[in-house]
Amino acid sequence: MDASEISDLHLNQKYIGEMNEEEMKQIESWTNMKCGDVIFDTGRDGYPKENSTEFEQKIKNRSQLLFVIEEEKGNKFGGYINGKIDKVDSWITDQKAFV
């Protein structure tokens with residue numbers, strides 16, 4: 001990924017606040033991007049299963065999304081998709097995606 005491809009990642013603000021500087025630097029290193037806007041926050045918006053329409057609307061037609069989940073014991077995991085999410089309930093092929 002070169003400098004012309006650098007843009008903002010869309011991260012959940014709750015996790016930005018709970019992620020330490022080292023974690024943020026690691027994500028930025030993996031993606032060569034800076035973290036940015038919050039598009040969905042389970043604390044604010046509910047869980048996707050309970051509110052799937054709102055979740056789908058917020059991610060549809062967006063690209064360069066990073067999903068970060070923190071489980072009850074504090075372990076964090078997630079995935080990144082570079083390509084545009086143009087439909088839901090189907091597979092997306094993205095050579096730059098990772099978990």
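Below or above, wherever it landed, is the structure these notes cover.

### Section: the nonpolar core
Of all hydrophobic cores here, the largest spans seven residues; its members are Ile39, Phe40, Phe55, Ile59, Leu65, Ile81 and Ile85. Within the second largest apolar cluster, five residues are counted, among which are Ile27, Met33, Val68 and Tyr80.

### A look at unusual backbone geometry
Residues other than glycine seldom take positive phi values, yet Asn32 does so here, at roughly 60°. By the secondary structure assignment, Asn32 is in the loop between helix H2 (21-31) and strand E2 (34-35). By relative accessible area, which is 34% here, Asn32 ends up partly exposed. Unusually for a residue other than glycine, Asn61 sits at a positive phi of about 65°.

### A short note on the pattern of salt bridges
Side-chain pairs of opposite charge can arise where the charged atoms are in close proximity. Counted according to the given criterion, the structure contains four salt bridges. With its nearest N and O atoms 3.2 Å apart, the salt bridge here joins Lys76 to Glu23. You can see Lys76 sitting in strand E4 (residues 76-81) and its partner Glu23 sitting in helix H2, a full 53 residues away along the chain. Look at Lys76 and you get partly exposed, because its relative accessible area is 28%. Using a relative accessible area of 27% as the deciding quantity, one classes Glu23 as partly exposed.

### Quick look at the packing of aromatic side chains
Counted according to the given criterion, the structure contains four aromatic pairs. With a centroid separation of 5.0 Å and 80° between ring planes, the pair formed by Phe40 and Phe55 is classed as edge-to-face. One end of the pair, Phe40, is in the loop between E2 and helix H3 (42-45); the other, Phe55, is in helix H4 (residues 52-59), with 15 residues separating them in the sequence. Of the residues examined, Phe40 reaches a relative accessible area of 8% and is grouped as buried. Given the relative accessible area of 19%, Phe55 is considered buried. Ring-pair connections join several aromatic residues into one group, and the members of that group are Trp30, Tyr80 and Phe98.

### As for H2
Listing the buried residues of H2 in full gives Met24, Ile27 and Thr31. For H2, the buried positions fall inside an angular range of 60° around the axis, keeping them on one side. Seen from the buried face of H2, the exposed residues on the opposite side, beyond 90 degrees, are Glu21, Glu22, Lys25, Ser29 and Trp30. With its phi angle positive at about 60°, Asn32 sits one or two positions after the end of H2.

So, how was this worked out
- Residues numbered from 1 in each chain as written.
- Predicted model: local features only at pLDDT ≥ 70, side-chain atom pairs only at ≥ 80, totals over all residues.
- Heavy atoms only, no water.
- Core = buried A, V, L, I, M, F, W, Y, C linked by side-chain atoms within 4.5 Å.
- Buried < 20%, exposed > 50% of the residue type's maximum accessible area, 1.4 Å probe, protein only.
- Helix = DSSP H or I, 4+ residues; strand = E, 2+ residues; numbered from the N terminus.
- Salt bridge = Lys/Arg side-chain N within 4 Å of Asp/Glu carboxyl O.
- Phe/Tyr/Trp six-rings, centres within 6.5 Å; stacked < 30°, edge-to-face > 60°.
- Arc of directions from axis to C-beta.

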